Amino acid sequence: SDALGSLDARVVACVRKEEGPRWWWAYQVRVETAGLRFLLVRRYSQFRRLHARLRALPTPAERLPHLTSRKPHRTQSEAFAETRRAALDEYLQGLVGDAGLRTSLSLQAFLELGALVGRNAVLSPAPSPSMRARSSNT
């Protein structure tokens, strides 16, 4: 698919999210493909789930990039979040840079590419006038 061939994904920012007394770091992922650009927000736990799904595939382990380890909550300063953002960016670039991993349905779901990957069928040429005439006669 053209969408996968031109795929680029970067972890471009870390953002502190709060809900009542709880807070956590979220990471903005910029996805560019097939002339489109959009932002997603992902938590570290979502990266861990993606990594677990990719490890379950019959892909040689050495092809999977290293995912930065989990740290205790008390260490989550802004400097920590920025260091993790850079590591997650490197991880994600390793995934999209590997032709085999880039086609993984788990990665496509993580990057919300479902509609884009299948859009070639939607953008297929319109039926010719003779085909439209035949289908309207039935």
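Owing to the predicted nature of the structure, the values given are computational and were not obtained by experimental measurement. The written sequence of each chain sets the order in which its residues are numbered from 1. At least 70 in pLDDT is required for a residue's local features to be given in this predicted model, at least 80 for side-chain atom pairs to be given and counted, and no such filter applies to totals for whole chains, interfaces and linings, which use all residues. The basis for the side-chain values is all heavy atoms of the structure; hydrogens and waters are excluded.

**So, the pattern of salt bridges**
Alright, step 1. By salt bridge we mean one thing: a side-chain nitrogen of Lys or Arg within 4 Å of a carboxyl oxygen of Asp or Glu. With the rule as written, the count across this model stands at seven salt bridges.
Alright, step 2. Two residues, Glu 32 and Arg 30, come together in a salt bridge whose shortest N-O distance is 3.0 Å.
Alright, step 3. Residue Glu 32 is joined to Arg 37 by a salt bridge in which the shortest nitrogen-to-oxygen separation is 3.4 Å.
Alright, step 4. Here the residues in one salt-bridge network are Arg 30, Glu 32 and Arg 37, joined through shared partners.

**A word on the sheet that holds strand E1 (residues 8-19)**
Alright, step 1. Whether two strands pair comes down to DSSP finding at least two bridges between them. A helix here means a DSSP run of H or I that spans at least four residues, while a strand means a run of E at least two residues long, and both kinds are numbered starting from the N terminus. Strand order in the open sheet formed by three strands is E1-E2-E3, with antiparallel pairing between adjacent strands. Each having just a single partner strand, E1 and strand E3 (36-43) make up the two edges of the open sheet. Between one strand and the next, the sheet's axes are offset by a mean angle of 25°, whatever the strand orientation.
Alright, step 2. Bridge count for E1 against strand E2 (residues 22-33) is 11 bridges, and the pairing is antiparallel. Axis geometry follows a simple rule: fit a line to the C-alpha atoms, using only the stretch in contact for helices, then measure angles between N-to-C directions, giving values from 0 to 180 degrees.

**Focus: a positive patch on the surface**
Alright, step 1. Together, Arg 22, Arg 43, Arg 49 and Arg 53 give the surface a local cluster of positive charge.
Alright, step 2. Topologically, Arg 22 is positioned in strand E2. The patch calculation keeps residues exceeding 30% relative accessible area without a salt bridge and links them within 9 Å when they carry like charges or within 5 Å when they are nonpolar (Val, Leu, Ile, Met, Phe, Trp, Tyr). Each accessible area is a Shrake-Rupley result for a 1.4 Å probe, and residues are judged covered by the shown protein chains and nothing else. Only four residue types enter the tally: Lys and Arg on the positive side, Asp and Glu on the negative side; His and the chain ends are excluded. By convention, the charge on Lys lies at NZ, on Arg at CZ, on Asp at CG and on Glu at CD.

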